[in-house]
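Topology and contacts: notes
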Amino acid sequence: MQELTHYLNGAHVKGTSGRFADVMNPATGEVQAKCPLASRSEVEQAVAYAAEAQPAWAAVNPQRRARVLMKFVDLLNRDMDKLAEALSREHGKTLPDAAGDVQRGLEVVEYCIGAPQLLKGEYTDSAGPGIDMYSMRQPLGVTAGITPFNFPAMIPMWMFAPAIACGNAFILKPSERDPSVPLMLAELMEEAGLPKGVLQVVNGDKEAVDAILHDPVIQSIGFVGSTPIAEYIYGTGCAQGKRVQCFGGAKNHMIVMPDADMDQAADALVGAGYGAAGERCMAISVAVPVGDETADRLIEKLVPRIEKLKVGPYTAGNDIDYGPVVTGAAKANIERLVQSGIDQGAKLVVDGRDFSLQGYEDGFFVGPHLFDHVTKDMDIYKTEIFGPVLSTVRAQSYEDALGLAMDHEYGNGTAIFTRDGDAARDFANRVNVGMIGVNVPIPVPLAYHTFGGWKKSVFGDLNQHGPDAFKFYTRTKTVTSRWPSGIKEGGEFNFKPME
C-alpha cells in the first residue's frame, strides 16, 4: 500500500497526524494509496516555510519569475502523458480528458508568463506643483488554495500560477481523493527553478481547511467546490480579514431554439452532459428545447447517441467516452437522485440503472441517463447531480426558456443553440449567468479572459484567471511624491487641496 506525502520546503514529508484518507481506484473500487491528513501543526509548519521564502521571491523581478513559469510549461509538455496517467488512475477520467485537464491549466500558466506587463502600475506626472503620483501592484504575502477532486491539475494551476507570478508564496490543499498530480506539479515547479518553500502542498480534510482559514499569516484563500462549503469558507475567511474567492455549485441550462441545427445541438449535449461522467461544474445538465416539436426532435436525436456511449476504465483505450465517478458515495448519490426523478414523475427515456461492466463490477461506473418532462419542482432539476444524467425541461416559448435559466439559484454557465443572431444576442445580454455559450455547449473562457459564475455559484467579487487573478493576488499601493523646485521655509498646518 503506497503512502503518499505532503510537499514541504522542497521535500516529500510523511504525515505525522496518524490520520489518512483512502485514495481509490474508481474503476475497480480498490484502495490504491493512503493520503495523509494534516494536523493544524503541520499546516502551520507549511505556512512558516512559505513565510520565510516569500520575501526573497517577491524581490525577484517579474521577468525572472516569468522565466520560471516558462520552464514549467516546458516540463508540463514533457511530462504530459505521465501526468495524465496519474490523474486518470486516481480520478477515473479517460486519458484524453485527463490530458485536457493538464492542458487547460497549462494555458493559464502561459498567460501568467505575461506578469511583467500585467503587474505594471500607473503614473501621473505633475499632478500638482512638483507632485507626481504612481501606483504599484505588490504581492499579498502567503496565499492559499483549496481545490476539488474533479480537476486536480487545472484548478491548482489556475490558482498557484498567478499567485506565484505576482510574488506570493502559495499553500495548496488539494482534494484528498486524487492528490498525486498536485504533488507532481510542485516537484515540476521546483525543477523549473522555483525556490524551495514558495509552493507547498498540504494534504488534508476539514482540520487542514480550518487551520488555513484561521492562520493569521495567510492573506488570501481561493476555493472551488460545493456551494455549502463555499459559503462556509467565504464567511469564515472574510471574518478573519482575508481576501477570499469561492466558486460553488452549478446547474447549467442549454436552450435549444426551434431553428437550431438539431444534430449539432444533440452532439453538443452528449459531450457536455456526459463527458467526465458529468463531474464538471460546467457540465450541461439541463436541456431546454423550446416547443414540444423541438423537444421531440431533440429527444429523437439524443437517444441513439446516448445509447452508443462507451463507458469503461481509462486503460481500455482512447475511444472510451467516460469513466467511473470518483467514489462509491458519489455513485450512490447519483442513483438516489435518479430514483427521485422517477418517483416524482419524470420520464426516464434512457435508463442506465442496470449498467454493469464485466470485470469491473466493484468499480464506480454509472450508466448514462436521459430524463424528459422534468419540471422545476423536481429534485433532479434543483440539485447539482454531478453525474451522467441529463434532464430535459420543455419550454413553451423563448421567454419561458430564458426564465428557467434566470430563476435557478445557480448561475455558473449557460448556452443557447440557434441560427437567429437576434435571439442569441438578446439571451447573452439578459440572462443573469456568468458564462454564456452561443452554439458552444461548455463556455469556459480561454486563459486571458476570466472564469466565474453569478448568484450562488460564486462568492467574492473577482473571478479566476485572466486579469482578475492579478488583481486578486496583489494589493495596490499609491505613492504621492513631492520634490519642491526651491528651498521652502516654514511648515503648512492646514490640509490643503492640490493646486
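Residues numbered from 1 in each chain as written. Predicted model: local features only at pLDDT ≥ 70, side-chain atom pairs only at ≥ 80, totals over all residues. Heavy atoms only, no water.

1. Digging into the sheet that holds strand β6 (residues 123–128)
Across the sheet, 3 strands lie side by side as β6-β7-β23; this open sheet has antiparallel pairing. Because the sheet does not close on itself, it has two edges, and the strands there are β6 and β23 (474–482). Pairwise comparison of adjacent strand axes, ignoring direction, gives a mean angle of 25 degrees for this sheet. (Pairing = 2+ DSSP bridges. Helix = DSSP H or I, 4+ residues; strand = E, 2+ residues; numbered from the N terminus. Axes fitted to C-alpha atoms, helices over the stretch in contact; angles between N-to-C directions.)

2. Here's the deal with the pattern of salt bridges
This model, assessed by the stated rule, comprises 24 salt bridges. Ionic pairing is found between Lys 310 and Asp 319, a salt bridge with its closest N-O pair at 2.8 Å. Judged by relative accessible area, Lys 310 falls into the partly exposed class, the value being 38%. Where salt bridges share partners, they join Asp 263, Asp 267, Lys 301 and Arg 305 into one cluster. (Salt bridge = Lys/Arg side-chain N within 4 Å of Asp/Glu carboxyl O. Buried < 20%, exposed > 50% of the residue type's maximum accessible area, 1.4 Å probe, protein only.)

3. Observations concerning the nonpolar core
Membership of the largest hydrophobic core comes to 64 residues, with the highest contact counts inside it found for Met 254, Leu 298, Leu 302 and Leu 370. When residues in this core are grouped by element, the largest group, 8 residues, is from helix α10 (residues 262–274). Among the nonpolar cores identified, the runner-up in size contains 62 residues, and Trp 57, Cys 112, Cys 166 and Leu 172 belong to it. (Core = buried A, V, L, I, M, F, W, Y, C linked by side-chain atoms within 4.5 Å.)

4. Considerations on the packing of aromatic side chains
Going through the model one piece at a time under the given rule, you end up with 9 aromatic pairs. Taking the centre distance of 4.9 Å and the plane angle of 55 degrees together, the rings of Trp 158 and Phe 451 count as tilted. Taken together, the positions of Trp 158 in helix α6 (residues 154–165) and Phe 451 in the loop between β20 (435–438) and β21 (454–455) put the pair 293 residues apart, joining distant regions of the chain. The pair formed by Trp 158 and Phe 451 is uniform in burial state, with each residue classed as buried. Ring geometry for Tyr 360 against Phe 365: centres 6.2 Å apart, planes inclined by 80 degrees, an arrangement best described as edge-to-face. The class for Phe 365 is buried, based on a relative accessible area of 4%. (Phe/Tyr/Trp six-rings, centres within 6.5 Å; stacked < 30°, edge-to-face > 60°.)

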